[in-house]
Amino acid sequence: MSELLTYALEDGVATITMNDGKVNALSSPMLAEISDAFDQAATDEAIVVLTAGGRAFSAGFDLRSEDWQLMVGDGARLAEKILAFPHPVVVAAQASAIAMGGFLLLSGDHRIAVTGEHKIGLNEVAIGMTVPWFGIELARHRLTAPYFDRCMITGALLSPTEALTAGFVDQLVAPDDLEATTREAVTALAGLDRDAHAATKLRVRAGVLAGVRDGIVRIEGDRGDW
């Protein structure tokens, strides 16, 4: 078992649980482990549940990183992988999802959050970071137009109820109901034709995937234009 996450496969469902014992900061090592877990799920031809333990689903990129260009690039590539994943992906957030944690929410096929005092949003501008191009394209694809503008420009952190309205999540449930609701979502998605699901996903998301890939090229360029 990794110190950063666990991977459990049961009845065709791969549960990836982030748990660094803190706020699941998305350092390059954490992002690499999540990416590797998705690769394993693809090999297992499994539906994925991405969830977490600890005080937050994820508080975003690791602010202690010494190589932000690498870390942001890793985040963009993971978002691309989840967006294009050939099998259904359920994201179940048990607490706050902020910044890159919010982008993970936006990348899933079915997204569930819980009621409570935690926050969901993209606060990059509040911490001195211009929102990366890949993140702008991802938010544009999933958020309603007024919230897209507001969240990008002001870094607003939303209550779970407002996050549902904005488009960050598809369902909002009581904390005690998260596990059962996630199982229900998985059961519903298991009934899909996988080939049709995968092909349609790529058609629907062609625009956002192109934008995310352009963002990756920008990150990896000589100027590091995030």
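The structure displayed is predicted, hence computed values, not measured ones. (Residues numbered from 1 in each chain as written. Predicted model: local features only at pLDDT ≥ 70, side-chain atom pairs only at ≥ 80, totals over all residues. Heavy atoms only, no water.)

### Observations concerning the packing of helix H4 (residues 133-142) against helix H9 (residues 206-220)
Put simply, the test is: Only the stretch in contact is used when a helix axis is fitted, and all axes are lines through C-alpha atoms; the angle between N-to-C directions ranges over 0 to 180 degrees. Only DSSP runs of H or I covering at least 4 residues are called helices, and only runs of E covering at least 2 are called strands; the numbering of each starts at the N terminus. What sets the label is the angle itself: under 35 degrees gives roughly parallel, over 145 gives roughly antiparallel, 65 to 115 gives roughly perpendicular, and the rest give oblique. Should the near helix be turned anticlockwise from the far one by less than a right angle, the crossing is termed left-handed; should it be turned clockwise, right-handed. It only takes one pair of heavy atoms within 4.5 Å for two residues to be counted as in contact.
Two elements in contact, H4 and H9, have axes whose closest approach is 7 Å; the angle formed by their N-to-C orientations is 165°. With respect to their mutual orientation, H4 and H9 come out roughly antiparallel. Between H4 and H9 the crossing geometry is left-handed. Here H4 contributes Trp 133, Phe 134, Glu 137, Leu 138 and His 141 to the contact with H9, which in turn contributes Val 208, Gly 211, Val 212, Gly 215, Arg 218 and Ile 219.

### Focus: the sheet that holds strand E4 (residues 56-58)
To keep things clear, this is the line we draw: Between any two strands, pairing holds if DSSP finds at least two bridges.
Strands sit in the order E4-E6-E8-E9 across an open sheet of four strands; the sheet is mixed. Across the chains shown, the open sheet's two edge strands, defined by having one partner strand only, are E4 and strand E9 (157-158). Sheet topology note: the strand E8 (residues 120-121)/E9 ladder contains two bridges and is antiparallel. Within E9, the position partnered with Ile 120 by the bridge is Leu 158. Against the sheet, helix H3 (residues 100-107) makes contact with E4, strand E6 (96-98) and E8, and its axis sits at roughly 100° relative to E6, the strand it touches most.

### Thoughts on unusual backbone geometry
For clarity, the cut-off: Categorising residues by exposure relies on relative accessible area from a 1.4 Å probe, with only protein chains included: less than 20% of the type maximum marks a residue as buried, more than 50% marks it as exposed, and the intermediate range marks it as partly exposed.
For Asn 24, which is not a glycine, the phi torsion comes out positive at approximately 55°. With respect to the element layout, Asn 24 can be found in the loop between strand E2 (13-18) and helix H1 (28-43). Classification of Asn 24 as buried rests on a relative accessible area of 0%. The backbone of Glu 45 sits at a positive phi, close to 50°, despite the residue not being glycine. Mapped onto the fold, Glu 45 is located in the loop between H1 and strand E3 (47-52).

### Regarding the side chain of Ser 28
Summarising the element assignment, Ser 28 is placed in helix H1. Sequence-distant contacts of Ser 28, defined by excluding residues within four places in its chain, comprise Leu 70, Met 71 and Asp 74.

### Quick notes on the packing of helix H2 (residues 68-83) against H3
Let me state the cut-off plainly: Classification used: nonpolar for Ala, Val, Leu, Ile, Met, Phe, Trp, Tyr, Cys and Pro, charged for Asp, Glu, Lys and Arg, polar for all others including Gly.
Where H2 contacts H3, the two axes come as close as 9 Å, and the packing angle between them is 20°. Judged on the interaxial angle alone, H3 and H2 are roughly parallel. The crossing of H2 and H3 is right-handed. Counted together, Gly 75, Leu 78, Ala 79, Ile 82 and Leu 83 of H2 and Met 100, Leu 104 and Ser 107 of H3 form the full contact between these two elements. Along the lines of polarity and charge, the residues of the contact of H2 with H3 split into six nonpolar, two polar and no charged.

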